[in-house]
Amino acid sequence: MSTLKFAVLAGDYIGPEVMTEALRVLEHVAKQDGFSLEYQKADVGGAGIDNHGKALPDSTLALCEKSDAILFGSVGGPKWEKLPPAEQPERAALLPLRKHFTLFANIRPGLLYPELTDASPLKTERIPNGIDIVCIRELTGGLYFGKPKQTTTLPDGDVQAIDTMVYRKSEIERILATAVTTARARKNKLCSVDKANVLETSVLWRKTVVDYIAKNAPDIELSHMYVDNAAMQLARDPNQFDVFVTENMFGDILSDEMAVICGSLGMLSSASLGAGKNSLGLPFGLYEPAGGTAPDIAGKGVANPCAQVLSGALMLRYSFGLEKSAARIEAAVRKAVTSGTRTGDIAFGRPSVGTKAMADAIIAAL
Ligand code: NAD
């Protein structure tokens, strides 16, 4: 029987609430499918600051290093809002984790079940069968990490800030490899999003995409779109995309747009895969919900645990190679949220049945 070794970093506010339920679902699947879980919990974010003096404590990082994957909750909230920006839980925990493990590939499914189309701000006639697309975002390059990154006072007294957008061909090629694998597992369709009419990095991006696909994946139906048009097309007809791949900042913005058209933050999961392999020879990854710590509903037992549960499913798929178990969890979540009277509330991130009862419904559907 295989044993899955992963780190559990639940984080703050609703983080631990939804994590408890996700672990309960994973334990259930493990028992049914004949594997066992060997996870350890550690503080991160605000909990790291409170208990260890920093958002990413050394002991937490050490635990992640000896694990095969990280199941992450979410971090931050009003309690730590007054800290200087560089010490804020999100910036001081998530960005260093991404950097440390070179988590360069963010895979974010944009999924809205046909039964829940009412939850989307888009008109139902635009998405009669719901939404089923995937955003692949480059996560460790571009504007967020490029140097120089600084604010200076100029000789004339004016103040100037600089961010730098940098991409190497090799960084573009490695995110393309993830995009191609994802596209091949679906409809063999890939749209590359850039701003090649204005940005040098995008010119390199587009040329690299064209060359890479011609050489390595001629079976892929490739298209290109400028990012401003992509933002518009997502709101007009999201399912035209199937899989789209883009650089860090464009992906940040488009994936949030994708989250809103899919109706509920409480339903969307993500995987951030690293350059390194885990002890099983599979990608090391960090798996987390798309939403944040939802301080407004923390402690009330109403947070939707689905995004965290689905993040667990992605972890089984990518870092442990357990495709069947992952697909079973995804089917159970779908069955649970689309049955009975609770669906409308779930869709708006307010499950009337509560966090625990929602997980019970998922377990019952397994
Ligand atoms: P949020 O995603 O926490 O909440 C936005 C809205 O969505 C809220 O009304 C919330 O109640 C609801 N919501 C989110 N997840 C839900 C769930 N699982 N079930 C039901 N409703 C849910 O965004 P915010 O309010 O802007 O941020 C709150 C805190 O979370 C901030 O400190 C922010 O920095 C942090 N944050 C962390 C991450 C992360 O850890 N990756 C991501 C985003 C925001």
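A quick note: this is a predicted structure, and the numbers were derived from the prediction, not measured.

Engineer: Help me understand empty space enclosed by the protein in this model?
Structural biologist: Over the atoms, a rolling probe the size of a water molecule traces out where space has been left empty. Applying the stated rule across the entire model yields two cavities of 30 Å³ or more. Roughly 30 Å³ of volume is contained in the second largest cavity. Taken together, Tyr167, Asp194, Thr201, Ser202, Trp205 and Glu247 make up the lining of the second largest cavity. No other element matches helix H6 (residues 200–216), which puts three residues into the lining of the second largest cavity.

Engineer: In this structure, what is going on with the domain arrangement of the protein? I would like to understand it.
Structural biologist: Per the domain assignment, the segments making up the protein are domain 1 (1–110 + 265–366) and domain 2 (121–261). If you average the C-alpha positions of domain 1 and of domain 2, the two centres end up 24 Å apart. Roughly 1500 Å² of surface becomes buried between domain 1 and domain 2 when both sides are summed, with 62% attributable to carbon and sulfur atoms. Three residues, Phe104, Arg108 and Gly110, lead the burial of domain 1 against domain 2; their summed loss comes to 43% of the area buried on that side. In this structure, the connection of domain 1 to domain 2 is made through one salt bridge.

Engineer: Is there a simple way to explain the sheet that holds strand S1 (residues 2–11) in this structure?
Structural biologist: As a general point, the strands of a sheet are linked pairwise by backbone hydrogen bonds and lie either parallel or antiparallel. Pairing in this open sheet of ten strands is mixed, and the strands run S2-S1-S3-S12-S11-S4-S5-S10-S8-S9 from one edge to the other. Single-partner strands in this sheet number two, and they are strand S2 (35–41) and strand S9 (221–226). Mean inter-strand twist for the sheet, computed between neighbouring axes without regard to direction, equals 25°. Pairing between strand S11 (residues 269–277) and strand S12 (residues 283–289): six bridges, direction antiparallel. For serine 269, the partnering residue across the bridge sits in S12 and is proline 289. Strand contacts of helix H5 (residues 169–184): strand S4 (105–112), strand S5 (131–138), strand S8 (189–194), strand S10 (243–246) and S11, with the helix running at about 165° to S5, the strand carrying the most contacts.

Engineer: Is there a simple way to think about the packing of helix H10 (residues 323–338) against helix H12 (residues 355–365) in this case?
Structural biologist: When two helices pack together, their arrangement is captured by the angle between the axes and the distance separating the axes. The geometry of H10 relative to H12 is characterised by a closest axis approach of 8 Å and an angle of 125° between their N-to-C directions. Taken together, the axes of H10 and H12 are oblique relative to one another. As for the relative orientation of H10 and H12, their crossing is right-handed in sense. Two secondary-structure elements touch here, H10 through Ala332, Val333, Lys335, Ala336 and Val337 and H12 through Met358, Ala361, Ile362 and Ala365. Of the residues belonging to the contact of H10 with H12, the class tally is eight nonpolar, no polar and one charged.

Engineer: What is the right way to read the environment of proline 128 from this model?
Structural biologist: Mapped onto the elements of the fold, proline 128 is located in the loop between S4 and S5. Taking the C-alpha atoms as reference points, proline 128 and glycine 299, separated by 171 residues in sequence, lie 36 Å from one another. With sequence-adjacent residues up to four places away left out, proline 128 is seen in contact with Pro114 and Thr117.

Engineer: Before we go on, may I ask you to explain the packing of aromatic side chains in this structure?
Structural biologist: In this description, an aromatic ring pair is defined by two values, namely the gap between the centres and the angle between the planes. For the coordinates displayed, the defined rule picks out six aromatic pairs. Ring centres of phenylalanine 101 and phenylalanine 284 lie 4.6 Å apart, and the angle between their planes is 25°; this geometry places the pair in the stacked category. Note that phenylalanine 101 is positioned in the loop between helix H4 (89–100) and S4 and phenylalanine 284 in strand S12, a separation of 183 residues in sequence. Residue classification places phenylalanine 284 among the buried residues on the basis of a relative accessible area of 6%. Measuring from centroid to centroid gives 5.8 Å for tyrosine 167 and tryptophan 205, while their planes differ by 75°, and the two rings are edge-to-face. Here tyrosine 167, found in the loop between strand S7 (159–164) and H5, pairs with tryptophan 205, found in helix H6; they are 38 residues apart in sequence, far enough to count as distant. Look at tyrosine 167 and you get buried, because its relative accessible area is 7%. Classification of tryptophan 205 by relative accessible area gives buried; the value is 2%. The structure contains a cluster of three or more aromatic residues connected by ring pairs, namely Phe6, Tyr39 and Phe320. In this structure, arginine 174 is placed above the aromatic ring of phenylalanine 104, and the distance from its NZ or CZ to the ring centre is 4.4 Å.

Engineer: How should I be thinking about the packing of helix H9 (residues 306–318) against H10 in this particular structure?
Structural biologist: The contact between H9 and H10 brings their axes to 7 Å, and the two run at 160°. Classified by the angle their axes make, H9 and H10 are roughly antiparallel. For the pair H9 and H10, the sense of crossing is left-handed. Residue-level inspection shows Cys306, Val309, Leu310, Ala313, Leu314, Leu316 and Arg317 of H9 in contact with H10, the latter providing Glu323, Ser325, Ala326, Ala327, Ile329, Glu330, Val333 and Val337. Across the contact of H9 with H10, the residue classes break down as eleven nonpolar, one polar and three charged.

Each value, and the rule that gives it
Residues numbered from 1 in each chain as written. Predicted model: local features only at pLDDT ≥ 70, side-chain atom pairs only at ≥ 80, totals over all residues. Heavy atoms only, no water. 1 Å grid on protein atoms, 1.4 Å probe; cavity = no way out; pocket = protein on both sides within 12 Å on 5 of 7 lines; lining within 4 Å. Points joined across faces, edges and corners; volume = space filled by probe spheres on them. Helix = DSSP H or I, 4+ residues; strand = E, 2+ residues; numbered from the N terminus. Domains from an automatic or database assignment. Buried area = accessible area lost by both parts, 1.4 Å probe. Salt bridge = Lys/Arg side-chain N within 4 Å of Asp/Glu carboxyl O. Pairing = 2+ DSSP bridges. Axes fitted to C-alpha atoms, helices over the stretch in contact; angles between N-to-C directions. Contact = heavy atoms within 4.5 Å. Parallel < 35°, antiparallel > 145°, perpendicular 65-115°, else oblique. Left-handed = near helix turned anticlockwise from the far one by under 90°. Nonpolar A, V, L, I, M, F, W, Y, C, P; charged D, E, K, R; others polar. Phe/Tyr/Trp six-rings, centres within 6.5 Å; stacked < 30°, edge-to-face > 60°. Buried < 20%, exposed > 50% of the residue type's maximum accessible area, 1.4 Å probe, protein only. Lys NZ or Arg CZ within 6 Å of the ring centre and 35° of its normal.

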